Amino acid sequence: MIKANLQLSKSGFKLEANFSVPGRGVTAVFGPSGCGKTTLLRAIAGLEPEATGSLSVNTELWLGANARTPVEERRVGVVFQNPSLFPHLTVEENLLYGRKRLSKVTKPIEKNELIASLEIEKLLLRYPTGLSGGEKQRVALGRALLAEPKLLLMDEPLSALDLNGREKLMLLLEKFLQKIDIPVFYVTHSSEEVARLADNLVLLANGVVTDHGSIQDVLGAVDGDLSRSDTAFSVIQGQIATKQLQGLISVDCGLGIVLQLPDATSMLGVRYQPGSRVRLRIRARDVSLCLEEPQRSSILNILPAVIAQLAEKPYNGSRVVKLDMAGKQLLSKISEYSVQQLGLKQGQPVFAQIKSAALI
Amino acid sequence: MISQPDIAALLITLKLAGTTTLILILLGTPLAWWLATTRSRARSAIEAVIALPLVLPPTVLGFYLLLSFSPDGPIGATTSALGLPSMAFSFWGLVIGSAIYSLPFVVQPLQNSFAGLGRMQLEAAATLGARPLDRFISVVLPLSKMGYLTAAVLGFAHTLGEFGVVLMIGGNIPGETQVLSIAIYDHVEALEYSQAHWLAAGLLLCSFLVLLMIYSANRRFHLMKTT
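Residues numbered from 1 in each chain as written. Chains lettered and ligands numbered in written order. Predicted model: local features only at pLDDT ≥ 70, side-chain atom pairs only at ≥ 80, totals over all residues. Heavy atoms only, no water.

## Comments concerning the nonpolar core
Residues and elements named next belong to chain A.
Then, number 1: Residues Leu6, Phe19, Leu40, Ile44, Leu151, Leu153 and Phe185 are the most contacted members of the largest nonpolar core, which totals 34 residues.
Then, number 2: With five residues, helix H1 (residues 37-45) is the single largest residue contributor to this core.
Then, number 3: Counting residues in hydrophobic clusters, the runner-up holds 33 residues, among them Val26, Ala144, Leu152 and Met154. (Core = buried A, V, L, I, M, F, W, Y, C linked by side-chain atoms within 4.5 Å. Buried < 20%, exposed > 50% of the residue type's maximum accessible area, 1.4 Å probe, protein only. Helix = DSSP H or I, 4+ residues; strand = E, 2+ residues; numbered from the N terminus.)

## As for the sheet that holds strand E15 (residues 287-290) of chain A
All names here are of chain A.
Then, number 1: Spatial ordering of the open sheet is given by E15-E19-E16-E17-E18, a layout of five strands whose pairing is antiparallel. With partners counted over all chains shown, the strands left at the sheet margins are E15 and strand E18 (328-335), one partner each. Direction aside, the axes of adjacent strands within the sheet are offset by 45° on average. (Pairing = 2+ DSSP bridges. Axes fitted to C-alpha atoms, helices over the stretch in contact; angles between N-to-C directions.)

## Thoughts on the sheet that holds strand E11 (residues 233-240) of chain A
Paired through their backbone hydrogen bonds, the strands of a sheet run either parallel or antiparallel.
Residue and element names in this part refer to chain A.
Then, number 1: With antiparallel pairing, the five strands of this open sheet are ordered in space as E13-E12-E11-E14-E20. Because the sheet does not close on itself, it has two edges, and the strands there are strand E13 (258-262) and strand E20 (358-359).
Then, number 2: Note: strand E14 (residues 277-283) against E20, two bridges, orientation antiparallel. Looking at E20, one finds that Leu280 is bridged to Leu359.

## So, the pairing of E14 of chain A
All names here are of chain A.
Then, number 1: With five of its seven residues buried, E14 lies for the most part within the structure.
Then, number 2: Note: E11 against E14, seven bridges, orientation antiparallel. Bridge pairing in E14 links Gly238 to Val278.

## A word on the environment of Leu131 of chain A
Residues and elements named next belong to chain A.
Then, number 1: Tracing the backbone through its elements, the reader meets Leu131 in the loop between helix H4 (111-117) and helix H5 (133-146).
Then, number 2: C-alpha separation for the pair Leu131 and Val91, spaced 40 residues apart in sequence, amounts to 9.5 Å.
Then, number 3: Apart from residues lying up to four places away in sequence, Leu131 is in contact with Val91, Leu123, Arg126, Lys136 and Val139. (Contact = heavy atoms within 4.5 Å.)

## Here's the deal with the domain arrangement of chain A
Residue and element names in this part refer to chain A.
Then, number 1: You can read the domains of chain A as domain 1 (2-219) and domain 2 (233-359).
Then, number 2: The straight-line distance from the C-alpha centre of domain 1 to that of domain 2 is 32 Å.
Then, number 3: Opposite the 17 residues of domain 1 that make contact, domain 2 presents twelve residues.
Then, number 4: Here domain 1 packs against domain 2, burying approximately 1,300 Å² in sum over the two surfaces, 57% of which is carbon and sulfur.
Then, number 5: Of all residues in domain 1, Ala195, Gln216 and Leu219 bury the most surface against domain 2, accounting for 41% of the area lost on that side.
Then, number 6: At the boundary of domain 1 with domain 2, the tally comes to one salt bridge.
Then, number 7: Put simply, Arg279 and Asp199 hold a salt bridge, and the shortest N to O gap is 3.8 Å.
Then, number 8: Scanning the region where domain 1 abuts domain 2 turns up six residue pairs in polar contact (both at pLDDT 80 or more).
Then, number 9: Its residues placed into classes, the side of domain 1 that touches domain 2 shows eight nonpolar, three polar and six charged. (Domains from an automatic or database assignment. Buried area = accessible area lost by both parts, 1.4 Å probe. Salt bridge = Lys/Arg side-chain N within 4 Å of Asp/Glu carboxyl O. Polar contact = N/O pair within 3.5 Å; in protein donor to acceptor, adjacent residues only side chain to side chain. Nonpolar A, V, L, I, M, F, W, Y, C, P; charged D, E, K, R; others polar.)

Below, the structure written as structure tokens:
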């Protein structure tokens, strides 16, 4: 477990972060710009000396009433928003900077294997100045991991990259972050990145943690901040099906749920091979409800579901409805007028019309 | 041409400039680091004190140093209590005077260099397990090479050209405290213009070459940084 109860006041800004998440997997710290995500990450790393409260990471206490582990002893890997490689050292020397300072290599991360999977073998002898943004971030990630951290922190690692570089690094992170055996905190304001990477979610608004837990629990909290916001969305995992319809990509989500999407190729054109595992992000506002199965609709995905939960109160004229689709959770945001008109109730069978789903 | 006393003056000058520069680099490093990183209110006051030699006539500095070297002055009292010889009219007295006189020329380039580093790289080093001194040696020093070169060259060159402070506290003892600038003055006083020329032109050329070296190194460094 990672348990945090952190307070910090800094030039008029107050951070109040109280949460606990499992000590493994990727935890996304999600919230709008300026809500204190970076500050929270820095406090976890030990880079905010004024932070008070408590913080424990698995078996270790990093911050307590009378104890404060200095940053250099926390063994925390950090990938900052802007890559902070050492310009006077080659890529290889950068990679080994932290590893050289380990008192002993306990769990030998195979160096060459890591370098190969980050695709930075060809850069080893170069200096950071000439590298592209994506290359720098990959080196920074390798440098952090070779120091065998107990927790990896990533602060919007994609934000300084162009679109193409972003997509490439994202693909690598998707493969990579699931593989490593270290808990990861990933700060982002992009719901797409959350949907693609996160197992757990910590929601932050105005310096306060408003919700935390597994991604399905936090996304599915119908009265939560996230559900009320415009970004409310669901994540469904699936697999690209082998049988495809003309011009469509079919994603088999198990238990008879197959979603169809227009066959657009990804930017790098590599991901939509049959059999590959994918995640779908479906915005709550793109899901509408019908009491009877619509016929002859342009909407590709119309699936039977049961209303699992309705938000207690409407918010801004809309209400969030949580659907149970053969065990999969799906959010729909519809007008309060429609809720009343259709007389929607918990347990009621409906048809969910999914206007669009993003293959991510 | 160049006489024996002139060579002695040259050697004393080089020894004085070298010793002063070394001491200033050692003392200036922690001082400049503190100035570059502190948020203390005392910073402005300390910066102003360090910059004083830039504006004060050297004779003012020399006058107060002479007073403090006297047996009743704070430095003089200390040295005599420790059984040491008086600082006035001695080489080490000159070193103290020069160190104070050249302090801003060493501290300011170092401070600018440290302040320009930003905290990102240091924070990254800390997360990678480097302790404070280790961070300073492995990150700050190599990234401040230009700052150190500038500080050392300016400190050295400025001490070479010192006149007023030396005259006030060092006297003009050939082979002990007579430095080049004072030797030149003596030659001119004695109407020995050709000797004065040798020394003066030599000093001029030296100073130019030294400054040329930093400016071209600086240019290369900036070009390297921008590519």
